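# A closer look at the structure
Listed here are the chains, written in short residue letters.
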Amino acid sequence: MKNKTDVLIIGGGIAGVSTLYHLTKMGWSDVMLTEKLELTSGSTWHAAGNLPHFSNSYNVMKLQQYSIALYDRLKKETGQVDHHMTGAVRLAHTQDRMDEFERVAAMSDLAGLDLEIIDNDRLKELYPYLDTTGLVGGLWDPADGHIDPTSVTNAMAAAAREAGATIVRNNPVSAIEQQPDGRWKVTTEKGVIDAAVIVNAAGFRCNEVAAMVGHQLPVCSMEHQFVVTDNVPELEARDDMIPMLRDPDVSYYLRQEGKGLILGPYEKGGIPWAVDGVPKEFGQELLQPDLDRIEEIMCTAMEQIPMIGNAGIKTVVNGPITYTPDGHPLIGPVHGYDNYFVCTGFNFGIVQGGGAGHFMAQWIVDGHPELDLFELDPRRFGDYANHEYTVAKGTEVYANEYQLGFPNEYAMRPAKRGQKKSPIYERQAEQNAVFGAYFGWERPSWFAPQGQEANEQHSFRRSNWFEPVAAECLNVKDHVGLLDLTPFTKFEISGAGAHAWLESISPNRIPKEAGGIALAHPLTRDGGVAWEFSITKLDDGSYYMMAPAVGELLEEDWLRSRLPADGSVTLTNITADYGCLVLAGPDARKVLAQLTDSDLSNAGFPWFTGQEIEVAGAPVRALRMNFVGELGWELHHPIEYQVELYDALMEASRAYNIGNFGLRAMDSMRLEKGYPMWGHDLTHEFTLLEANMGFFAKFDKGDFEGKDALLAQKEKGITQKLITLELDSTDVDACVGMEPVYCDGEVVGQVSSGGYGFRCQKSLALAYVNSDKLDADLTVKVLGTQYPASRVKGVAYDPKGELLRSDS
């Protein structure tokens, strides 16, 4: 066995082998994989092998699309991959489900797929054994199907070996230690391996590997059963295979296996497996079946497809499948470690394994994948996602495997809520806040009227939140509102080298004078937006940085990996130490003036500057800026002062009709101002120039990451640009993102975010559109209808920015 390698992958399931294969495809041959038993002996070997394109996430759809195309190519190249492209139908019992299908079908246009909305007649034509009673339609994917997981895994393994990779089987890992030079010492049964990079792809044993490194991953395992039937006469009479069928409202999938069927339900009350650790001796084996758990779903399936009831049960497969708290895998770097990645936590591992290995290899070789996959990045979870939390949320995800993909729905699921709360949480609850959980924080999405239940009725259309959010926005416009941004990530940066270092990571100039503020967007090497922050210079010469809440671990890793080795810069994460309340609206100055002796006039406190002042006895870093486009201040304060400060602001504002407002209102108002949001409108897939944010890049300053790429693009010209569109819509808005933009029937762009602007009374969307189509006659497809869309020149609300700078 070789004992030194550039990359060591731990785990020989489909994700680990795919990573090895794709590293060789990118030109890396000194790569190695070690497997405890035989290849595919974890969850891969017993998986049903279904291959859907369908996903409510565009990135996951693209990942699955890559896998399916790869498997088809490997079948043609090797002749050894058992891949059946049968097509698949999905059934809809409700209009909400049809709305979901319409959204996903439109998104598939962007991906270059051919998903088709179909009626019951077409359903019956495609699947003649189906009783369509109670159905309102369906979705057809002609390129769906299934594959034998072992055959495709072995095909990738053979190709990787041929390209120079090493695979060592029956070689469990017993210890992992990072050396002072950053390399890894990995002790295995057959010897010690020295690796520059390690990848944890150990499936349901991933936390055993993680424990050796010194951390814990938010991954648990759930029992999943499917029934394999004897031969079915109707199928024996056919020469071809019938399409796969999924009924998400009943919660099962059905596909042909030989001349029989596989029926796989996702039942409520799923059973977590090995919550105290995977038995050491557990290998390529199955769990005890329990048909009682899935009987009700099976009976409903037999009513819909009577031929199931005529088939005897050949076998029941019950095996462990990994789950994360949100149902998406973990692909990317681990917080706090260098040269350590994970590629695990797949509950749809076969259809995602090929693409996961592709993007994992790009992470290692290029520093980031071609798609912005933060929604799959393991750093999307913080310390709150402990073992108890993970099991509870994983069980919840399993029970909701086919849950409608409504906006905001996942954030409002009930399991393990209340992990992190602002001190004013109880005050917000008393004001009838409808909370969502984001990076563990309970954050008000909107405030229900008193006397109305504080619950959101989920929909792809405007719902019970629409009128209350309108009231929140209009109150900010006409009076004054208060928003809690305590969860935002906060850092203090100090030291003799702080200013020079910040200049090196920021395209924008960093303020030199106390009170100066800058908005900055760190870039990738190719000019894409990695993340964003605001930075304020404090009176003592240090800097106060605020960045998106959900990106806290990514942002901290990004910063720490670039700190000077000479110790001239100190970075401190103070997220938990400081709160932030935003006071915004035309009466904001009048309210704040009652609580401070500081001069709040334009002359005394200009727009886009900061001061350290006292407000109601609390020391406050007051920043005259906000994300909603009104006169206002962000009031950053030591967290222990928050309740006192909140109460004082509310009391001082009563004469001015103050009201709380939540994230939905903030999102509506920032769209009206054309403010792009990181993770939606700003990703590393688009450059700062394409995002129409070139004014934040100062090319006459010193070097910064991504500068050369931006200069090259500036010289060549951009081919797409972020613009604001006004939609002529009815009761729907482009509120989810990734809706396609068309011109003369051709896709010419994509919506990155959207919603309704209550102050300007317009349905709005931010969209990346081809540069030669910016002023063309455009349409945006929302829930199956193409709505006319026109470009908004400038911004939709207060285009001159007079309200932000108001002196009244």
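Summarised in this report is the structure supplied together with it.

What counts as what
- Residues numbered from 1 in each chain as written.
- Predicted model: local features only at pLDDT ≥ 70, side-chain atom pairs only at ≥ 80, totals over all residues.
- Heavy atoms only, no water.
- Disulfide = S-S within 2.5 Å.
- Buried < 20%, exposed > 50% of the residue type's maximum accessible area, 1.4 Å probe, protein only.
- Salt bridge = Lys/Arg side-chain N within 4 Å of Asp/Glu carboxyl O.
- Helix = DSSP H or I, 4+ residues; strand = E, 2+ residues; numbered from the N terminus.
- Core = buried A, V, L, I, M, F, W, Y, C linked by side-chain atoms within 4.5 Å.
- Contact = heavy atoms within 4.5 Å.
- Pairing = 2+ DSSP bridges.
- Right-handed = clockwise from strand over helix to strand, strands pointing away.
- Axes fitted to C-alpha atoms, helices over the stretch in contact; angles between N-to-C directions.
- Parallel < 35°, antiparallel > 145°, perpendicular 65-115°, else oblique.
- Polar contact = N/O pair within 3.5 Å; in protein donor to acceptor, adjacent residues only side chain to side chain.
- Expected span 1.5 Å × (residues − 1).
- Phe/Tyr/Trp six-rings, centres within 6.5 Å; stacked < 30°, edge-to-face > 60°.

### Thoughts on the state of the cysteines
One covalent bond between the sulfur atoms of two cysteine residues makes up a disulfide. For the structure shown, the criterion picks out zero disulfides. Free cysteine C473: the closest other cysteine sulfur is in C760, separated by 10.0 Å. The closest cysteine sulfur to the non-disulfide-bonded C580 is located on C473, 18 Å from its own sulfur. On the basis of relative accessible area, C580 is assigned to the buried category, the value being 0%.

### Section: the pattern of salt bridges
Applying the stated criterion to the full structure yields 44 salt bridges. Two residues, D194 and R183, come together in a salt bridge whose shortest N-O distance is 2.9 Å. On the criterion of sequence distance, the pair formed by D194 in strand 11 (residues 191-200) and R183 in the loop between strand 9 (173-178) and strand 10 (184-188) is long-range, its members being eleven residues apart. Here D194 falls in the partly exposed class, since its relative accessible area comes to 25%. Between R670 and D681 there is a salt bridge; the shortest N-O distance is 2.7 Å. In this pair, R670 is assigned in helix 17 (residues 663-672) and D681 in the loop between helix 17 and helix 18 (707-716), connecting sequence segments eleven residues apart. Owing to a relative accessible area of 1%, R670 belongs among the buried residues under this scheme.

### A word on the nonpolar core
What tends to happen in soluble globular proteins is that the nonpolar side chains get buried as a cluster. With 46 residues, the main nonpolar core has V7, I9, L20, V199, I331 and M360 as its most contacted residues. For this core, the elements supplying multiple residues, two or more each, are strand 1 (4-10), helix 1 (14-25), strand 2 (31-34), helix 2 (58-78), helix 5 (149-162), strand 11, strand 19 (340-344) and helix 9 (349-366). In contact with I9, other than residues within four places in its own chain, are G16, T19, L20, L23, M32, L33, T34, V199 and A201. Of all hydrophobic cores here, the second largest spans 40 residues; its members include A520, L523, Y543 and L722.

### What to know about the pairing of strand 2
Neither face of strand 2 is left uncovered, since the one carrying V31 and L33 and the one carrying M32 and T34 both have all their residues buried. Of the pairings in the sheet, the one linking strand 1 to strand 2 comprises four bridges and is parallel in character. If you follow I10 over to strand 2, its bridge partner there is T34. With helix 1 bridging strand 1 and its parallel neighbour strand 2, the resulting β-α-β unit is right-handed. Pairing geometry for strand 2 and strand 8 (residues 166-168), over three bridges, is parallel. Following the sheet pairing, T34 is matched in strand 8 by V168.

### Focus: the packing of helix 2 against helix 9
Closest axis-to-axis distance for the helix 2/helix 9 pair is 7 Å, and the angle between their directions is 95 degrees. As the angle between them shows, helix 2 and helix 9 are arranged roughly perpendicular. Together, V60, L63, Q64, Y66, S67, I68, L70 and Y71 of helix 2 and I350, V351, Q352, G353, G354, G355, A356, H358 and F359 of helix 9 make up the contact between the two elements.

### Thoughts on the sheet that holds strand 28 (residues 578-584)
Strand order in the open sheet formed by six strands is 29-30-31-28-22-32, with mixed pairing between adjacent strands. This sheet does not close on itself; its edge strands, each paired only once, are strand 29 (610-615) and strand 32 (659-660). Across two bridges, strand 22 (residues 481-484) lies against strand 32 in parallel orientation. Its bridge partner being in strand 32, G481 is matched across the sheet by G659.

### Details of the pairing of strand 21 (residues 441-447)
Of all seven residues that make up strand 21, seven are buried, and the element is covered over most of its length. For strand 20 (residues 433-438) and strand 21, the ladder comprises six bridges, and the chain directions are antiparallel. Bridge assignment links A433 to a residue of strand 21, and that residue is F447. The antiparallel pairing of strand 20 with strand 21 creates a hairpin that spans two residues between the two strands, and F439 there sits at a positive phi of about 50 degrees.

### Here's the deal with the side chain of R293
With respect to the helices and strands, the residue R293 is situated in the loop between strand 16 (272-273) and helix 8 (295-304). Among the polar contacts made by the side chain of R293, one reaches the side chain of E267 at a distance of 3.2 Å. Setting aside its immediate chain neighbours within four residues, R293 contacts E223, Q225, E267, G269 and I271.

### Quick word on helix 12 (residues 466-478)
Side chains that are three or four residues apart share a direction in an α-helix, a result of its 3.6 residues per turn. Taking 1.5 Å of rise per residue, the 13 residues of helix 12 would be expected to cover 18 Å, and the 18 Å separating its terminal C-alpha atoms lies within 8% of that figure. In this structure, the buried residues of helix 12 make contact with strand 21, strand 22, strand 28, strand 32, helix 17 and strand 35 (746-757).

### Considering the packing of aromatic side chains
This structure, assessed with the given rule, holds 29 aromatic pairs. Ring geometry for F54 and F101: centres 6.0 Å apart, planes at 85 degrees, overall edge-to-face. Linking F54 in the loop between strand 2 and helix 2 with F101 in helix 3 (residues 95-111), this pair joins segments that are 47 residues apart in sequence. Taking the relative accessible area as the measure of exposure, F54 reaches 14% and is therefore buried. The exposure class assigned to F101 is buried, which follows from its relative accessible area of 0%. Judged by centre distance (6.5 Å) and plane angle (40 degrees), the rings of W184 and Y337 are tilted. Here W184 is found in strand 10, whereas its partner Y337 is found in the loop between strand 18 (330-333) and strand 19, with 153 residues between them in sequence. Residue W184 is classed as buried on the basis of its relative accessible area of 1%. Taken together through their ring pairs, the aromatic side chains of Y253, Y266, Y323, Y398 and Y402 make up a single cluster.

### Focus: the environment of V643
Mapped onto the elements, V643 comes out in helix 16 (residues 642-652). Residues V643 and S422, spaced 221 residues apart in sequence, show a C-alpha to C-alpha distance of 9.2 Å. Not counting the four nearest positions on each side in its chain, V643 is found in contact with P423, I424 and R427.

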